[in-house]
Every structure is written in C-alpha cells, then in structure tokens.
Amino acid sequence: MTYQLKKEGRYTYYEAGEGTPIIVLHGLMGGLSNFDGVADYFPKQGYKVIIPELPIYTQSILKTNVKAFAKFVKDFITFKGFERVILLGNSLGGHIALYHTKMYPEKMLALVITGSSGLYENSMGDSYPRRGDRDYIQKKAEEVFYDPKIATPEIVEEVYAVANDRLKLIKTLTIAKSAIRHNMAKDLPKMHVPTCIIWGKNDKVTPPDVAEEFHKLLPHSSLYWIDQCGHAAMMEHPNEFNRLMHEWLREHHF
C-alpha cells in the first residue's frame, strides 16, 4: 500500500476512515507498511485508523526512550483532538502503548499488543547490529518471522541502512537499553484498561511465555494465539490478526 502521509506541525501520519480512533504504533525496525492489513480493513468497519511516524531517530538522545515516546503519543492524541483512543502496538510500539496506558489511562479506551516488549525480549544479541554484515542482518531479519520469505530484500535493506548509520545505531542501542530499564512487570497489575493480546506461537523475539506473563499480570486482558507465526502477527497473518482483533473489539463494544 502506498501511504498518502499528512504533515501537520511536528507530526507526520497516515489517516483513513471515520469512527472510533485506532492509533497504530510501529516497532523499532518497523514501518507504517507493517500495518497494511490493519490500515485496509478497519476503516471499512467503522474505525478511523491513524499511523503516526514515531520520532525514533529524530529526537535528541535525551528524548530517545520509551517514556518520551509515550509522551509524544499523548501529545499527538491531544493535537488530533481525540478524547479517548484504542492503541495498537507491535514490538517497541507495544511497549510505548503500555507505557502510555500507565501514564495516561484517561486517554485510553482499549489496548491491543502483539509481540510487545516491556517484560522481556530476545534482542538481536550483543553484537547487533554488525555494521556492514549484510548476511548477519538478513539472518536476524528472517528470524523475526515464522516464514523467512517475509523478510523481503526491502525489509533487510531498511535494517542494513540503520546498522550503517552511526547516529541511528547509537539511538537503536539507546532505545534497547531504555526498553530494559522500563520493565513493566510491577505496573501491569495496576493497569485496568481492557487489553487484547495477539501473539505468534512461534515468536522468537518475545517468546510465547512473554504473552502468558502479560496475560497473567494485566487484570482485564484476553490472549489469542496465531499458529505458524513469528514476531509480527499483523504482517504474517493479516486476515487472522484482523479477525481476532475485530471480534474482541465488538465483544467489548468498542
């Protein structure tokens, strides 16, 4: 899908549909295109889908952390004039959504997380990302998915470009440390926003027991599994992901 992006003030974002707002938060190495299935499906079901570009590499190093990104999301919600929203996040985007929910529960209707960090994630390893080592980066990109063919040359090239940009590399490592520092285990039991957890049964980055732990700690959560699926369920099985999320939203009258 080719996105027609809006640029307003400091925000760049995609927007489609009318209705209850679903704000989608992409991951560290993810882009807006990771959510093509969501962006295509939910506007037809009476929702407004908004995918902002997160300022992962554009803020100062002091604002390159989970807490600052969560505040960016809150400011964006205020800028758009939304009272309350559904947040959907994958990987780091899920962690930002969780932290936003902790800090600004009054802005939240519901939360949907998939392959989220916030408790534990198996990172790219201590040597990640090896600059200039395209084969290593390809292997790591393929490990994100159950079906390695989903790691297209375009996806590998995006990761490779980040690994070979010194400032982006520093910020990537800064964010990884911030994600570990902002562990949510003690916060989750106090978070009462209805939460839908959709997880790949074959996720190697945030393994299935991470989803079980989220489910156990979040008081109002539902957990759904997608088989033969890795870390990015909405990319690997978009139809099943949309079905599960939509059924959960309807069940909760959102």
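It should be noted that the structure appears before, not after, this text.
Reading the values: the criteria
Residues numbered from 1 in each chain as written. Predicted model: local features only at pLDDT ≥ 70, side-chain atom pairs only at ≥ 80, totals over all residues. Heavy atoms only, no water. Disulfide = S-S within 2.5 Å. Buried < 20%, exposed > 50% of the residue type's maximum accessible area, 1.4 Å probe, protein only. Helix = DSSP H or I, 4+ residues; strand = E, 2+ residues; numbered from the N terminus. Pairing = 2+ DSSP bridges. Right-handed = clockwise from strand over helix to strand, strands pointing away. 1 Å grid on protein atoms, 1.4 Å probe; cavity = no way out; pocket = protein on both sides within 12 Å on 5 of 7 lines; lining within 4 Å. Points joined across faces, edges and corners; volume = space filled by probe spheres on them. Nonpolar A, V, L, I, M, F, W, Y, C, P; charged D, E, K, R; others polar. Phe/Tyr/Trp six-rings, centres within 6.5 Å; stacked < 30°, edge-to-face > 60°. Lys NZ or Arg CZ within 6 Å of the ring centre and 35° of its normal. Salt bridge = Lys/Arg side-chain N within 4 Å of Asp/Glu carboxyl O.

1. Describing the state of the cysteines
Inspection of the entire model under this criterion finds zero disulfides. Not engaged in a disulfide, the cysteine Cys 196 finds its nearest cysteine sulfur in Cys 229; these two sulfurs lie 13 Å apart. On the accessibility criterion, Cys 229 (0% relative accessible area) is buried.

2. With respect to the pairing of strand S5 (residues 85-90)
Most of S5 is tucked away, with six of its six residues classed as buried. Summarising the sheet, strand S3 (residues 20-25) and S5 pair through four bridges and their orientation is parallel. Note that in S5 the partner of Ile 22 across the bridge is Ile 86. In the sheet, S5 pairs with strand S6 (residues 108-114) via six bridges, with the strands oriented parallel. Considered in S6, the bridge of Val 85 is made with Met 108. Tracing the backbone out of S5, into helix H3 (residues 92-103) and back to the parallel element S6 gives a crossover that is right-handed.

3. Here we look at the layout of surface pockets
Estimates place the volume of the second largest pocket at around 590 Å³. In terms of lining, the second largest pocket is formed by 26 residues, of which the most central are His 26, Gly 30, Leu 32, Glu 53 and Leu 54. In terms of residue count, the dominant contributor to the lining of the second largest pocket is helix H5 (residues 153-163) (four residues). Taken together, the residues of the lining of the second largest pocket sort by class into 14 nonpolar, eight polar and four charged.

4. Regarding the packing of aromatic side chains
Enumeration according to the criterion identifies eight aromatic pairs in this entry. Between Tyr 11 and Phe 79, the aromatic rings sit 4.9 Å apart at their centres with planes inclined by 40 degrees, giving tilted as the arrangement. With Tyr 11 in strand S2 (residues 11-16) and Phe 79 in helix H2 (residues 66-80), the pair connects residues that are 68 residues apart, well separated along the chain. In this structure Tyr 11 comes out as buried when scored by relative accessible area, which is 6%. Residue class for Phe 79 comes out partly exposed when judged on its relative accessible area of 40%. Judged by centre distance (5.9 Å) and plane angle (40 degrees), the ring pair of Trp 248 and Phe 254 falls under tilted. Ring-pair connections join several aromatic residues into one group, and the members of that group are Tyr 11, Tyr 13, Phe 72, Phe 76 and Phe 79. The cationic tip of Arg 134 hangs over the ring face of Tyr 160; the distance from NZ or CZ to the ring centre is 3.8 Å.

5. Looking at the pattern of salt bridges
In the structure shown here, the tally under the stated rule is 16 salt bridges. Note that Lys 140 is salt-bridged to Glu 143, the shortest N-O span being 3.6 Å. With Lys 140 and Glu 143 both in helix H4 (residues 134-143) and three residues apart, this pair spans about one turn of that helix. Take Glu 143: its relative accessible area is 27%, and that puts it in the partly exposed class. The partner of Glu 247 in a salt bridge is Arg 243, and the shortest N-O contact between them spans 3.1 Å. Of this pair, Glu 247 and Arg 243 both sit in helix H9 (residues 238-251), separated by four residues, roughly a single helical turn.

6. Regarding unusual backbone geometry
With phi around 60 degrees, Ser 91 is a residue other than glycine that occupies positive phi space. Mapping Ser 91 onto the fold places it in the loop between S5 and H3. Looking at Ser 91, the relative accessible area reads 12%, which means it is buried. For His 253, which is not glycine, the phi torsion reads 60 degrees and is therefore positive. As for its position among the elements, His 253 is in the segment after H9.

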